[in-house]
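Remarks on the overall topology
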Amino acid sequence: MPSILILGGTTEASALAAVLADRGMPVVLSYAGRVAHPKPQPVPVRIGGFGGVDGLATYLRETGITHLVDSTHPFAAQMSRHAFSAAALAGVLHIALTRPAWTPENGDDWHRVGDIDAAVAALAGPSRRVMLALGRLHVEAFAAQPQHRYLLRFVDRADSAIGLPDHHLVIDRGPFTVERDLTLLREHAIDLVVCKNAGGSGAMAKLVAARTLELPVIMIDRPILPARKEVYDVAGVLRWLGHDADLGV
């Protein structure tokens, strides 16, 4: 029977862990540790880094892991690169459970940029009310454009001061609805949304809300990752594992 390590932090990772636990398969779910209070899981949970590629490869060998599932956020590029390299180094089978990227639809006003720095540069100009739908990690970079009023939405309250001179913080956990995001954008009179192309349905509501309100969106493209095997649902992972039975969940 496979012994599986899931690199998690996404709804897809939690869904996979639940299905594998229901099947009685040996699974460990790993979190990077950026969320203070992760949701309870039906499998053993590991929190924290591994110490780079070599540290992850050592963990895989020492714990007898046979299959590594990278279900981290599509923008967790360093972890995904480490997973790819560590799996090869340890001789472990590797797959990514990820989300198809979003694509613009009729009525969308997207301005695509390659990375966070390009998104910051795109905000040059007069003051606007900007929703930064990015999470906590990259917010400080936007201090380079201090003329704007920023709306932030985090899962947890920040441990330290946020380095933006004019901002409003909302603490909330997705998935979000279009109605809630419409209300949020209207209440704060938002002019522009900045977000990463994370894909999936849980964070799409803000894009539908922006389309409805005819707001422009600065869309940050996904980082370039090594060529790897990818699937977009739990069933795909089960097929890869050789357990292509009715999910029953």
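Read on for a plain summary of the structure. Quick caveat: nothing in here was measured; it's all calculated off a predicted structure.

Parameters at a glance
Residue positions are given per chain, counting from 1 as you read along its sequence in written order. Where totals are concerned, whole chains, interfaces and linings use all residues; where local detail is concerned, this predicted model gives features only for residues with pLDDT of at least 70, and gives and counts side-chain atom pairs only at 80 or more. Note that water and hydrogens are dropped before the side-chain values are worked out from all heavy atoms of the structure. One side-chain nitrogen of Lys or Arg within 4 Å of one carboxyl oxygen of Asp or Glu is enough to make a salt bridge. By the criteria applied, helices consist of DSSP H or I runs no shorter than four residues and strands consist of E runs no shorter than two, each listed in order from the N terminus. For helices, the axis comes from a line fit to the C-alpha atoms of the stretch in contact; other axes are also lines fit to C-alpha atoms, and the angle between any two N-to-C directions lies between 0 and 180 degrees. In what follows, roughly perpendicular refers to angles from 65 to 115 degrees, roughly parallel to angles under 35, roughly antiparallel to angles over 145, and oblique to any angle outside these ranges. In this scheme the crossing of two helices becomes right-handed for a clockwise turn of the near helix relative to the far one and left-handed for an anticlockwise turn of less than a right angle. Contacts were defined at the residue level, with two residues in contact if any of their heavy atoms lie within 4.5 Å. In the scheme used here, Gly and all other residues not listed as nonpolar or charged are polar, with Ala, Val, Leu, Ile, Met, Phe, Trp, Tyr, Cys and Pro taken as nonpolar and Asp, Glu, Lys and Arg as charged. Side-chain rings of Phe, Tyr and Trp (the six-membered ring for Trp) are treated as a pair once their centres are within 6.5 Å; stacked means planes under 30 degrees apart, edge-to-face means over 60, and tilted covers the remaining angles. Here's how the labels work: a residue is buried when its accessible area is under 20% of the maximum for its type, exposed when over 50%, partly exposed in between, all with a 1.4 Å probe on protein chains only. Here, a strand pair is defined by DSSP locating no fewer than two bridges between the strands.

So, about the pattern of salt bridges. Pairing between side chains of opposite charge can happen when their charged atoms approach one another. Per the stated rule, a full pass over the model turns up 10 salt bridges. In this structure, Arg-228 engages Asp-70 in a salt bridge whose closest nitrogen and oxygen atoms are separated by 3.1 Å. Note that Arg-228 is positioned in the loop between strand E11 (217–220) and strand E12 (230–231) and Asp-70 in strand E4 (residues 67–70), a separation of 158 residues in sequence.

How two helices pack is summed up by the angle between their axes together with the distance between the axes. Put simply, helix H1 (residues 11–22) and helix H7 (residues 234–241) touch, their axes get as near as 10 Å, and they point 50 degrees apart. For the element pair H1 / H7, the angle class is oblique. Two packed elements cross with a definite hand, and for H1 against H7 that hand is right-handed. For the pair H1 and H7, contact is made by Ala-15, Leu-16, Val-19 and Leu-20 and by Val-234, Val-237, Leu-238 and Leu-241, respectively. Of the residues assigned to the contact of H1 with H7, the class counts are 8 nonpolar, no polar and no charged.

The next subject is unusual backbone geometry. Positive phi is not limited to glycine here, since Ala-189 has a value of about 50 degrees. The residue Ala-189 is located in the loop between helix H5 (178–187) and strand E10 (192–196) in this model. Residue Glu-214 is not a glycine yet carries a positive backbone phi of 60 degrees. Relative to the elements of secondary structure, Glu-214 occurs in the loop between helix H6 (205–212) and E11.

This part covers the packing of aromatic side chains. For the structure on display, the rule yields 2 aromatic pairs. The interplanar angle of 65 degrees and the centroid separation of 5.1 Å between the aromatic rings of Phe-50 and Tyr-59 together place this pair among those described as edge-to-face. As far as burial versus exposure is concerned, Phe-50 and Tyr-59 are alike and both buried. Considering the side-chain rings of Phe-142 and Tyr-150, the 6.3 Å spacing of their centres and the 65 degrees angle between planes classify their relative orientation as edge-to-face. Accessibility assignment for this pair places Phe-142 and Tyr-150 in one class, buried.

Most of strand E7 (residues 129–133) is tucked away: 4 of the 5 residues are buried. Both E7 and strand E8 (residues 149–154) contribute to a ladder of 4 bridges, which runs parallel. Bridge pairing in E8 places Val-130 opposite Tyr-150. Two strands pair when backbone bridges link them, and E7 and E10 are joined in this way by 4 bridges, in the parallel orientation. Residue Val-130 lies in a different strand from E10, and its bridge partner there is Leu-192.

Because each turn of an α-helix spans 3.6 residues, side chains separated by three or four positions in sequence point in the same direction. By the burial criterion, the buried members of H6 are Ala-205, Lys-206, Leu-207, Ala-209 and Ala-210. Downstream of H6 by one or two residues, Glu-214 has phi in the positive range, about 60 degrees.

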